[in-house]
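Fold and geometry: a report
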Amino acid sequence: MLKTQELQINIGPQHPSTHGVFRLVVTVDGETIVDLKPVFGYLHRNHEQLAEVSTYIQMMPFTDRLDYFNSMANNFGLAIAVEKLAGIEVPQRANYIRVLMAELTRILNHAAAVAFMINDMGAWQTPLAFGMREREKILDLFEMASGARMMCNYFRFGGIVRDLPPDFMPLLNDLMKALPTFFDETERLLRENEILLLRSEGVGILPKEVAASYSVTGPVLRASGVPYDVRKAEPYSVYNELDFDVPIGSVGDIYDRFLVRIEEMRQSYRIVQQVIERLPDTTGGHINPAMASIGKQKALKPPVGDVYGRVETPKGELGFYIVSDGSARPYRYKVRAPSFINLTPIGDMCRGHKVADVVVILGSIDIVLGEVDR
Amino acid sequence: MLQFLENIFGPSWIVSLIAFLISTTVILIVTPVTFMMMTWFERRIVARMQDRLGPNRVGPAGLLQAVADGVKMFTKENITPRAADKWVHLIAPLVATGPVIFLFAVIPWGYGLSPVDINVSVLFVIAVSSISAVGLMMGGWGSNNKFALLGAMRAVAQMVSYEIPAVIALLSMVLFTGTMNLNKYTELQGGLPILGNTLKDVIPDLGLGWFVFTPIGLVGFMIFFICILSEGERTPFDIPEADSEIVAGYMTEYSGMKFAVFYMGQFLFNYALSMVASIIFLGGWNFPGIPQLISIAPPIGALASAVVLGAKAWFLFFVMIWLRGAFPRLRMDQLMAFAWKFLLPLALINILSAALWLTIMLWCTGDCTQNPWVFTVGGINPLGWLGNSPVLRQLVGFVLTAIINAGAFFWLLNVNRRPAGETPADLARDQAFGTASLP
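As the structure is a computational prediction, the values presented were derived from the model and not from experiment. (Residues numbered from 1 in each chain as written. Chains lettered and ligands numbered in written order. Predicted model: local features only at pLDDT ≥ 70, side-chain atom pairs only at ≥ 80, totals over all residues. Heavy atoms only, no water.)

Section: the overall build of chain A
- Helix and strand counts for chain A come out as 16 helices and 9 strands.
- What you see for chain A is a C-alpha radius of gyration of 21 Å, in line with the 21 Å of a compact globule of 374 residues.
- Projected onto the principal axes, the alpha-carbon positions of chain A cover approximately 75 × 45 × 35 Å.
- Relative to all contacts within chain A whose residues are 6 or more apart in sequence, the contacts with residues 24 or more apart total 70%.
- Here chain A holds 40 positive side-chain charges and 46 negative ones, and the gap between their average locations is 5 Å. (Helix = DSSP H or I, 4+ residues; strand = E, 2+ residues; numbered from the N terminus. Rg over C-alpha atoms; globule rule 2.2 N^0.38 Å. Contact = heavy atoms within 4.5 Å. Lys, Arg positive; Asp, Glu negative; His and termini not counted. Charge placed at Lys NZ, Arg CZ, Asp CG, Glu CD.)

As for the environment of Ser23(B)
- Structurally, Ser23(B) can be placed in helix α2 (residues 12–49).
- Sequence spacing of Ser23(B) and Glu163(B) is 140 residues, and the spatial spacing of their C-alpha atoms is 29 Å.

What about the interface of chain B and chain A?
- Between chain B and chain A, the residue contacts involve 37 residues of the former and 52 residues of the latter.
- Roughly 4,000 Å² of surface becomes buried between chain B and chain A when both sides are summed, with 59% attributable to carbon and sulfur atoms.
- In this structure, the connection of chain B to chain A is made through 1 salt bridge.
- Here Arg331(B) ties to Asp357(A) by a salt bridge, and the two come within 3.1 Å at their closest N and O atoms.
- Across the chain B-chain A interface, the total number found is 6 residue pairs in polar contact (both at pLDDT 80 or more).
- Counting only elements with at least two residues in the side of chain B that touches chain A, the list comes to α2, α7 (146–177), α10 (243–246), α13 (298–326), α14 (332–362), α16 (424–432) and β1 (434–436) of chain B.
- When residues of the side of chain B that touches chain A are assigned to their parent elements, the largest contribution, 5 residues, is made by α16(B).
- Residue composition of the side of chain B that touches chain A, by class: 18 nonpolar, 7 polar and 12 charged. (Buried area = accessible area lost by both parts, 1.4 Å probe. Salt bridge = Lys/Arg side-chain N within 4 Å of Asp/Glu carboxyl O. Polar contact = N/O pair within 3.5 Å; in protein donor to acceptor, adjacent residues only side chain to side chain. Nonpolar A, V, L, I, M, F, W, Y, C, P; charged D, E, K, R; others polar.)

Concerning the sheet that holds strand β7 (residues 305–313) of chain A
All names here are of chain A.
- Judged by pairing direction, the sheet is antiparallel, and its 3 strands sit side by side in the order β7-β8-β9 without closing on themselves. With partners counted over all chains shown, the strands left at the sheet margins are β7 and β9 (330–336), one partner each. Direction aside, neighbouring strands of the sheet carry axes that sit 15 degrees apart on average.
- For β7 and strand β8 (residues 316–324), the ladder comprises 9 bridges, and the chain directions are antiparallel. Among the inter-strand pairings, Arg310 is bridged to a residue of β8, identified as Gly319. (Pairing = 2+ DSSP bridges. Axes fitted to C-alpha atoms, helices over the stretch in contact; angles between N-to-C directions.)

Observations concerning the domain arrangement of chain B
Residue and element names in this part refer to chain B.
- Under the domain assignment, chain B is made up of domain 1 (1–75) and domain 2 (78–333).
- Between the C-alpha centres of domain 1 and domain 2 there is a distance of 17 Å.
- Contacts between the two partners involve 19 residues from domain 1, matched on the other side by 25 residues from domain 2.
- Across the domain 1 to domain 2 interface the summed buried area is about 2,000 Å²; carbon plus sulfur atoms make up 87%.
- Linking domain 1 to domain 2 there are 2 salt bridges. (Domains from an automatic or database assignment.)

Structural notes on the packing of helix α4 (residues 92–120) of chain A against helix α5 (residues 126–146) of chain A
Residue and element names in this part refer to chain A.
- α5 packs onto α4 with a crossing angle of 160 degrees between their chain directions and a minimal axis gap of 8 Å. Considering the angle they form, α4 stands roughly antiparallel to α5. Note that α4 runs across α5; the crossing there is left-handed. Together, Met101, Leu104, Thr105, Ile107, Leu108, Ala111, Ala112, Ala115, Phe116, Ile118 and Asn119 of α4 and Pro127, Leu128, Gly131, Met132, Arg135, Ile138, Leu139, Leu141, Phe142 and Ala145 of α5 make up the contact between the two elements.
- Across the contact of α4 with α5, the residue classes break down as 17 nonpolar, 3 polar and 1 charged. (Parallel < 35°, antiparallel > 145°, perpendicular 65-115°, else oblique. Left-handed = near helix turned anticlockwise from the far one by under 90°.)

Some details on unusual backbone geometry
All names here are of chain A.
- In the Ramachandran plot, Asn153 falls in the positive-phi region, its phi being about 50 degrees despite a non-glycine side chain.
- By secondary structure assignment, the location of Asn153 is in the loop between α5 and β4 (155–156).
- The backbone of Asp366 sits at a positive phi, close to 65 degrees, despite the residue not being glycine.
- With respect to the helices and strands, Asp366 occurs in the loop between α15 (355–365) and α16 (369–373).
- A residue is classified by how much of its surface remains accessible, and Asp366, at 10% relative accessible area, is buried. (Buried < 20%, exposed > 50% of the residue type's maximum accessible area, 1.4 Å probe, protein only.)

Remarks on the sheet that holds strand β2 (residues 23–29) of chain A
Residue and element names in this part refer to chain A.
- Taken in spatial order, the 3 strands of this open sheet run β1-β2-β3, and their pairing is antiparallel. Single-partner strands in this sheet number two, and they are β1 (7–11) and β3 (32–39). On average, adjacent strands in this sheet sit at an angle of 20 degrees to one another, irrespective of strand direction.
- With 7 bridges joining them, β2 and β3 adopt antiparallel strand pairing. Directly across from Val26, in β3, lies its bridge partner Leu36.

Some points on the layout of surface pockets
Residues and elements named next belong to chain B.
- Approximately 1,000 Å³ is the volume found for the second largest pocket.
- Around the second largest pocket, the lining is made up of 34 residues, and of these Phe35, Thr39, Met73, Phe259 and Tyr263 lie nearest the centre.
- Where the lining of the second largest pocket is concerned, the elements lending two or more residues are α2, α3 (65–75) and α11 (256–280).
- Of the residues belonging to the lining of the second largest pocket, the class tally is 20 nonpolar, 4 polar and 10 charged.
- Each of domain 1 (1–75) and domain 2 (78–333) gives at least three residues to the lining of the second largest pocket. (1 Å grid on protein atoms, 1.4 Å probe; cavity = no way out; pocket = protein on both sides within 12 Å on 5 of 7 lines; lining within 4 Å. Points joined across faces, edges and corners; volume = space filled by probe spheres on them.)

Here it is, written out as structure tokens:
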């Protein structure tokens, strides 16, 4: 037997496929991974500390920067938490628009996630170009509604900042016509390409029990076979009025994660269809009249107490834990970031696989470093 | 031409020297220009696949983009890492690229346009193309960078593994044709598909007797083209420089002109091997009309033949770009398994087919009784019924080798098939994947 020596490699902080500033300390024996340790914190921006010196509404734009792919979903989380704490009612129309935006965000995020994973496997940017094409269309819609493509800052406590512009619905209907083809194309790509199957099947398996014990959430957890979704477990907004299913996998490998993502895009599509149907008949304005001006938003002083508000973002359960001392600023503010918690079992998933699998597994978890480091 | 030069310059060694200088100069000009065109072509085609425009600012349709890139490369800072082995780091790109340019010396660019006509040019191509692996290892080792080292190890393992099926595929063609001279290959591939030159007297030379139309040539071409992809580090085998895994492999620490030289070596290697594949399997410069053109007006025919061969090589390069735009890459172990479990056995069976074909073609032609190697079964020559007609023999050989090669191909596919739907994980997935309707 040849005597071999283990080699320690730093993948990152500057590396083409770490999806941000992130370091993986990988110990390899030849090409096989012996150990792997994720190191993060390069993007730490004092998000939680900032909250304690800001008013509640000042935090809204900061949540955009958590997971910059899904700013709408993050806004939703903070709005839910603070409304729960202060007991603010949300009009029906605002609720439906919120759900519409959250589900469009999910489609956008999963389209990009699938594309980036195939890119990490070495397909030279072609799938990325096709995934980004759909994402652009949704970003156009967001720009129309909120004025910004990525940092939307669209939600307010008690509703949303402004109603949908008149041009919004025709454009959305055009998009709805194009999307099913995109889902089918992506699924066919993943199901029929031999190399993709070779690279993804049986790689990076996360068993059900391990996933649950790491408190992983989102598509990663559902791919492992646990039917857990905050939209079903603790329905918020109008999700209990809408009809949708939760896709689950069985093995928990990369292949399952991406089948789950594609199926989730289809379910989101269903939800958006229902919202489009019901939106003309909704009652109430886009915001609760009691909170309708920015002055009222700034003057918000929730009663003493604490609250945990959570939503299902595309990446998993995003939770905001807020303690109020009755002043205009939160006493304590804590974010439960799905990217961060989903990233922790990466060592377990990678051990025993090859170097080339690390980046694909990382891509399949679908992290955004802005949310991991906060 | 030679006589004319001798009249002017006198001693023949001077004439040879001048002739070599001219052809060397032409090669050293043509190859970098080819490289520049290849980079432009690749970027435009991939851009087209990805819904983009690609380079279109410098010159007409961006054709001069490569010149701009060259200027950029020349003016870039040439960085050598402090801990690197300075000399090894410096020489590596030259060692990797030099042999590739040697290759062009023995390749016949067209009718009567081979710079050096040697009898063993196939052997030369095989031997010289392997030298660049040393350059890659030098680059990876000399950079003193872990990514570079990993990339170099991958590159060398990959090149060594894929050399074997490639050589065996070429060997079956050498057996098939009985020559190692690349010029001879083109001559042998005139005439009709499958039948080749055997009916030359009856039907005019169509220039379509390409070996790729025979079962042996088809399997050989398939194996050789896959090996080109792998040795030239093209997708889906671009593992040594997998940018999403190990940054840029052995080229990680290279910048400026040293990087450009590495890059040029790689692209020219692809082009040289595409040319070799076109010559050996795709009929070289043979194409309907070209043989006639050569016999009417040799200079124009030579030019046209060079264009035809170039078009074939560029087509193969286009296929490489197409694959690059469409496929993800394999993993190292899957790559090795593919070489050793699929390509190598198939190449060996192809050699068997070639030997069989040769036996059928040559068995007992001419004076049979004098041949001590011809054996008889019960006093009857088992292949005696074939007579002396090469057409009949060729057809029998075609059918037999087609059956053997197709059988081997599908058998190997079946043996190496992923156990789909059989592993417990697959069964579980088939049953359990779906949607859970939660309350």
